[in-house]
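# Structural characterization, general
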Amino acid sequence: MKGTSTFFQSVASFVIVYCFLTLDTRTVLSPFVNNPFTQIKELLQHILQPRLERCIIQEPESFMTTPEIIVSRGYPLEIHHVVTNDGYILELHRIPFGRRDTRFENGTLRRKPVFLLHGMMATDHFWLFSSSNNSLAYILADHGFDVWLGNTRGNMYSRKHISLDPNTDKEFWNYSWDEMGQYDVPSSIDYVLNVTRQEKLAAYFGYSLGCSVFFMSATQYPRINDQVEVMIGLGPTVSVAHLNNFFRFLAPFVKPYQFLQQWLGIGEVHRNDGFLHQMTRLIGETSHFGAVIGRHVLFQIFGYSEIYNENDVFRLAGHYPAGGSANSMAHLLQNYNSGESFLHFDHGLDGNMERYGTIHPPEYNLTRVTAPVYLVHADNDPFATVEDVSWLMARLGNLKGTLRVNSSSFSHGDFIWSPQLAELVHLPVIDLLPSPFVYQQDYI
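These numbers come from a predicted model, not from an experiment.

Core analysis: the largest hydrophobic core is formed by 113 residues, its most contacted members being Tyr204, Phe214 and Phe215. Counting residues per element, this core draws most heavily on helix α7 (residues 209–220), at 7 residues. Once you skip the residues sitting within four places of it in the chain, Phe214 turns out to touch Val185, Tyr204, Ile224, Val228, Met231, Val369 and Ala371.

Shown next as structure tokens:
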């Protein structure tokens, strides 16, 4: 697989660069009556419609929402909404018990809640992507846990605010990783504990950025450390000094990117229903050549996988990317440029002085993360490299252990789509968790 042709790598790299500088063409070109992008898309849809309809039959989950997928798999579902302290409305999806279980009614035996948070520009679909016996959310529910799936601000499920309109108010998109750690994580955890009437989560699971924002939150709010029995970090992207995918080539251009972003008024990037993504998805779902291109784009980002299902590209494209802020993308590249460190967002000289009182953004003090932490990492992960994970291990305040995936070819993307995910990651991790049940005699 690593012998991929230069042609495919070049095409994949071009698409990634284009995505990095993506504009919402519907907004930019809306004043024009004859939008050429819309005309091209409509023409291709007309030509490819018969093949597209076959894809809907073959891979229906590509065209379903996360709640629809959960229900279609035979699991119970609840949809909840959390309002953060700065007004963002986050959507949580709850699987209160397993497919063959029932809710405990009027009893003293309660299921402990677990909270799962996805990576950058994604949704909770990452936890549901594989088969039911290979996806962490379903496995946890079937093991007796009360499963809560989080969605960070700006993605397709949490694109809401109490006063700001994401389509017209640029201020809605004025956030980075910092705000997710400062507001999204604590608000979500507090909500889950309040609804379930528990003092602690049995576990917090973070994948990629889902790890980073937990650590950000735990360094700022000591109570977060006391609200989690154990934190499991899968492919943790904290320091990314040794980032080994195509994004490292974009990092030197982060300042021009931010200038372009501000000059053009770009706040939102990588919308799931954006023009480029819709075109890429349409072509990928209707031709073998398009599927090959789509696969190599994913591999340029997530690392090359030796074991995969070609149809996975179709299903993933229906949910990823799911949208987010341009600042979130810039934060990743800033972290790469800053070397072995874990910094707040760099707002520039004046912005830093206003926010932090210093000309440079301060570093997060990871020794303040006192919740018990287990890290799961892989040798072939381009986002969470061995060097960066080692750097993180030396700084966490209460690291209990690490699990090195027993596969030399396991990549960052394999945490999502590997057919061996349960065997290599999920089942070993579940052995680290407390009992899924708790007795509460005073529960009313």
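Structure shown, so let's carry the discussion forward.
The next thing to look at is the sheet that holds strand β4 (residues 113–117). Taken in spatial order, the 8 strands make up an open sheet running β1-β2-β5-β4-β6-β7-β10-β11, and their pairing is mixed. With partners counted over all chains shown, the strands left at the sheet margins are β1 (78–83) and β11 (399–404), one partner each. Strand-to-strand twist in this sheet, taken as the mean axis angle between neighbours without regard to direction, amounts to 20°. As paired elements, strand β6 (residues 203–207) and strand β7 (residues 231–234) share 4 bridges and run parallel to each other. Looking across to β7, one finds that Tyr207 is bridged to Leu234. In the packing of helix α18 (residues 421–430) onto the sheet, contacts are made with β6, β7, β10 (373–377) and β11, and the angle to β11 comes to roughly 150°.

Under the defined criterion, the tally for this structure stands at 13 salt bridges. Arg73 is the salt-bridge partner of Glu61, the closest N and O atoms lying 2.7 Å from each other. Of this pair, Glu61 sits in the loop between α3 (36–58) and α4 (66–72) while Arg73 sits in the loop between α4 and β1; the two residues are 12 residues apart in sequence, bridging distant segments of the chain. Its salt-bridge partner being Arg159, residue Glu268 comes within 3.0 Å of it at the nearest N-O pair. Remark: Arg159 occurs in the loop between β5 (146–149) and α6 (177–196) and Glu268 occurs in strand β8 (residues 268–269); sequence separation between them is 109 residues. Both residues of the pair, Glu268 and Arg159, belong to the buried class.

Following the sequence through the fold, His344 ends up in the loop between α14 (326–337) and α15 (348–356). Within the structure, His344 has its side chain in polar contact with the side chain of Tyr364 (distance 3.3 Å). When sequence neighbours within four positions are dropped, the list of residues in contact with His344 reads Asp178, His331, Gln334, Tyr356, Pro361, Pro362 and Tyr364.

This part covers the packing of α6 against α14. It is the contact of α6 with α14, at a shortest axis distance of 8 Å, that shows an interaxial angle of 110°. Relative to α14, the element α6 lies roughly perpendicular. Of the residues in α14, those touching α6 at Trp177, Asp178 and Met180 are Ser328, His331, Leu332 and Asn335. Class assignment for the residues of the contact of α6 with α14 results in 3 nonpolar, 3 polar and 1 charged.

The next thing to look at is the packing of aromatic side chains. Under the defined criterion, the tally for this structure stands at 21 aromatic pairs. Summarising the aromatic geometry, the rings of Phe302 and Trp417 are spaced 5.6 Å apart at their centres and angled 75° between planes, so their arrangement reads as edge-to-face. Of this pair, Phe302 sits in helix α12 (residues 288–302) while Trp417 sits in helix α17 (residues 414–417), and the two are 115 residues apart along the sequence. Of the two residues, Phe302 and Trp417, both sit in the buried class. The ring of Tyr175 carries Arg153 above its face, with NZ or CZ at 5.7 Å from the centroid.

Chain-level statistics for the protein give a pLDDT mean of 86 and a share of 82% at 70 or above. Segment residues 1–34 is flagged for pLDDT under 50; beyond a separation of four residues in sequence, or across chains, it makes 57 contacts in the model.

Another aspect to go through is the pairing of β5. Alternating positions in β5 separate into two faces, Asp146 and Trp148 on one and Val147 and Leu149 on the other, with burial throughout. Across 3 bridges, the pairing between strand β2 (residues 89–95) and β5 is antiparallel. The residue bridging His93 from the neighbouring strand is Leu149, located in β5. Strand direction decides the pairing type here: β4 and β5, joined by 4 bridges, are parallel. Bridge assignment links Pro113 to a residue of β5, and that residue is Asp146. For the segment spanning β4, helix α5 (residues 136–142) and β5, crossover handedness is right-handed.

As a further point, take α18. A large share of α18 lies buried, amounting to 7 of its 10 residues. Looking at α18, one finds that the buried residues are Leu421, Ala422, Leu424, Val425, His426, Val429 and Ile430.

Take the pairing of β6 next. Counting buried residues in β6 gives 5 out of 5 residues, a clear majority hidden from the surface. A two-sided burial pattern is seen for β6, the buried positions comprising Ala203, Phe205 and Tyr207 on one face and Tyr204 and Gly206 on the other. Bridge count between β4 and β6: 4 bridges; the pairing is parallel. Paired with Leu116 across the two strands is Phe205, which belongs to β6.

Glancing now at unusual backbone geometry. Backbone torsion omega between Tyr320 and Pro321 reads -5°, so that peptide bond is classified as cis. The phi torsion at Arg197 lies on the positive side, around 55°, for a residue other than glycine. A relative accessible area of 49% means that Arg197 is categorised as partly exposed. Backbone geometry places Ser208, a non-glycine residue, at a positive phi of 60°. Within the secondary structure layout, Ser208 lies in the loop between β6 and α7. A relative accessible area of 8% means that Ser208 is categorised as buried.

Running from N to C, α6 and α7 point in directions that differ by 75°, and their axes come no closer than 8 Å. When the axes of α6 and α7 are compared, the pair comes out roughly perpendicular. Across the interface between the two elements, Trp177, Asp178, Met180, Gly181, Gln182, Val185 and Pro186 of α6 pack against Leu209, Ser212, Val213, Phe214, Met216, Ser217 and Gln220 of α7. A per-class count over the contact of α6 with α7 returns 8 nonpolar, 5 polar and 1 charged.

Cut-offs used in this document
Each chain carries its own residue numbering, running from 1 in the direction its sequence is written. Predicted model: local features are reported for residues with pLDDT of at least 70 only, side-chain atom pairs are reported and counted for 80 or more only, and whole-chain, interface and lining totals are derived from all residues. Values reported for side chains reflect all heavy atoms of the structure, with hydrogen atoms and water molecules removed beforehand. Among the buried residues, those of types Ala, Val, Leu, Ile, Met, Phe, Trp, Tyr and Cys that are joined through side-chain atoms within 4.5 Å form a nonpolar core. Buried means the residue's accessible area, taken with a 1.4 Å probe over protein chains only, is under 20% of the maximum for its type, while exposed means over 50%, and partly exposed covers the values in between. The way it works is that DSSP assigns letters per residue, a run of H or I at least four long becomes a helix, a run of E at least two long becomes a strand, and they are numbered from the N terminus. Throughout, a contact is declared for two residues whenever any of their heavy atoms are within 4.5 Å. In this scheme, strands are said to pair when DSSP sees at least two bridges between them. Here the axes come from fitting lines to C-alpha atoms, over the contacting stretch only for helices, and the angles between their N-to-C directions go from 0 to 180 degrees. Think of a salt bridge as a Lys or Arg side-chain nitrogen and an Asp or Glu carboxyl oxygen that are within 4 Å of each other. Distance and chemistry together define a polar contact, namely a pair of N or O atoms within 3.5 Å, with one atom able to donate a hydrogen and the other to accept it when in protein, and with adjacent residues in sequence counting only for side-chain atoms on both sides. For classification purposes, angles smaller than 35 degrees are called roughly parallel, those larger than 145 roughly antiparallel, those between 65 and 115 roughly perpendicular, and all remaining angles oblique. When residues are sorted by character, Ala, Val, Leu, Ile, Met, Phe, Trp, Tyr, Cys and Pro go into the nonpolar class, Asp, Glu, Lys and Arg into the charged class, and all the rest, Gly among them, into the polar class. Ring geometry is summarised as follows: Phe, Tyr and Trp rings, the Trp one being its six-membered ring, pair when their centres sit within 6.5 Å, and such pairs are stacked at plane angles under 30 degrees, edge-to-face over 60 and tilted between the two. For a lysine, the NZ atom is tested; for an arginine, the CZ atom; a charge sits over a ring if that atom is within 6 Å of the ring centre and within 35 degrees of the ring normal. Along the chain, pLDDT gives the predictor's confidence residue by residue, from 0 to 100. Every crossover in which the path from the first strand over the helix to the second runs clockwise, viewed with the strands pointing away from the viewer, is termed right-handed.

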